[in-house]
Amino acid sequence: QVQLVESGGGLVQAGGSLRLSCAASGRTFSIMGWFRQAPGKEREFVTAIRSSGGSTYYADSVTGRFTISRDIAKNTVYLQLDSLKPEDTAVYLCAARLAGTRVAITRTRNYDYWGQGTQVTVSS
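Residues numbered from 1 in each chain as written. Predicted model: local features only at pLDDT ≥ 70, side-chain atom pairs only at ≥ 80, totals over all residues. Heavy atoms only, no water.

K.L.:
Explain the pattern of salt bridges to me, and be specific about the residues and the numbers.
P.N.:
Two side chains that carry opposite charge are able to pair once their charged atoms sit near each other. One pass over the full model with this rule turns up three salt bridges. The closest approach of N and O atoms between arginine 36 and glutamate 44, which form a salt bridge, is 2.6 Å. Two residues, arginine 65 and aspartate 88, come together in a salt bridge whose shortest N-O distance is 2.7 Å. Of this pair, arginine 65 sits in the loop between strand S6 (56-58) and strand S7 (66-71) while aspartate 88 sits in the loop between strand S8 (76-81) and strand S9 (90-97), placing them 23 residues apart in sequence. Accessibility classification places arginine 65 together with aspartate 88 in one group, the buried group. Several salt bridges share partner residues, and in doing so they unite Arg36, Glu44, Arg65 and Asp88 into one network. (Salt bridge = Lys/Arg side-chain N within 4 Å of Asp/Glu carboxyl O. Helix = DSSP H or I, 4+ residues; strand = E, 2+ residues; numbered from the N terminus. Buried < 20%, exposed > 50% of the residue type's maximum accessible area, 1.4 Å probe, protein only.)

In structure tokens:
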């Protein structure tokens, strides 16, 4: 059974940092990523990483502030969130794609599995 379990969310002041984790079980994935969804807004792409080669991709809004990394042995992906802003407040969801073929990694429909999400709240 495939599971993606996120952890590490919380409440932080603007300018602070958090580290999210996504532990995958049941399968290995070619691409793992993070999306976020704020109340009343659509789910949006944050970042992704390829298992083969480790290429990373970031949304413009988080480039230079967020860093995605992976531990292949643990089948876990991490998201380091630095210089947080109130507009980063959202539920952060881990996503995973089985096939490594070229697709639009920013599109939610291209991911096969999703975690339940972890809340990140940034106060001003």
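K.L.:
Please give an account of the packing of aromatic side chains that cites residues and values.
P.N.:
By the definition in use, this model includes five aromatic pairs. Between phenylalanine 35 and phenylalanine 45 the ring centres are 5.6 Å apart and the planes differ by 75 degrees, which places this aromatic pair in the edge-to-face class. Residue phenylalanine 35 is found in strand S4 (residues 31-37), and its partner phenylalanine 45 is found in strand S5 (residues 44-50); the two are separated by 10 residues along the sequence. For the pair phenylalanine 35 and phenylalanine 45, a shared accessibility class is recorded, and that class is buried. Summarising the aromatic geometry, the rings of phenylalanine 35 and tyrosine 111 are spaced 5.2 Å apart at their centres and angled 80 degrees between planes, so their arrangement reads as edge-to-face. Of this pair, phenylalanine 35 sits in strand S4 while tyrosine 111 sits in the loop between S9 and strand S10 (113-114), and the two are 76 residues apart along the sequence. For tyrosine 111, a relative accessible area of 6% translates into the label buried. Taken together, Phe35, Phe45, Tyr111 and Trp114 form an aromatic cluster joined through their ring pairs. Positioned over the ring face of tyrosine 78 is arginine 19, at 4.1 Å from the centre of the ring. (Phe/Tyr/Trp six-rings, centres within 6.5 Å; stacked < 30°, edge-to-face > 60°. Lys NZ or Arg CZ within 6 Å of the ring centre and 35° of its normal.)

K.L.:
Which residues make up the state of the cysteines, and what values go with them?
P.N.:
This structure, assessed with the given rule, holds one disulfide. Two residues share a disulfide in this structure: cysteine 22 and cysteine 94, whose sulfurs sit 2.0 Å from each other. What sets the handedness of the cysteine 22 and cysteine 94 disulfide is the S-S torsion sign, and at about -80 degrees it is left-handed. Taken together, the residues cysteine 22 in strand S3 (residues 18-25) and cysteine 94 in strand S9 connect sequence positions 72 residues apart. Classification of cysteine 94 as buried rests on a relative accessible area of 0%. (Disulfide = S-S within 2.5 Å.)

K.L.:
Before we move on, could you go through the pairing of S7 and cite the residues and values that matter?
P.N.:
Along any regular strand, the residues point their side chains to alternate faces of the sheet. As judged from the six bridges shared by S7 and S8, these two strands associate in the antiparallel manner. Of the residues in S8, the one forming a bridge with threonine 67 is glutamine 80. Joining the antiparallel neighbours S7 and S8 is a turn of four residues, in which asparagine 75 adopts a positive phi near 55 degrees. (Pairing = 2+ DSSP bridges.)

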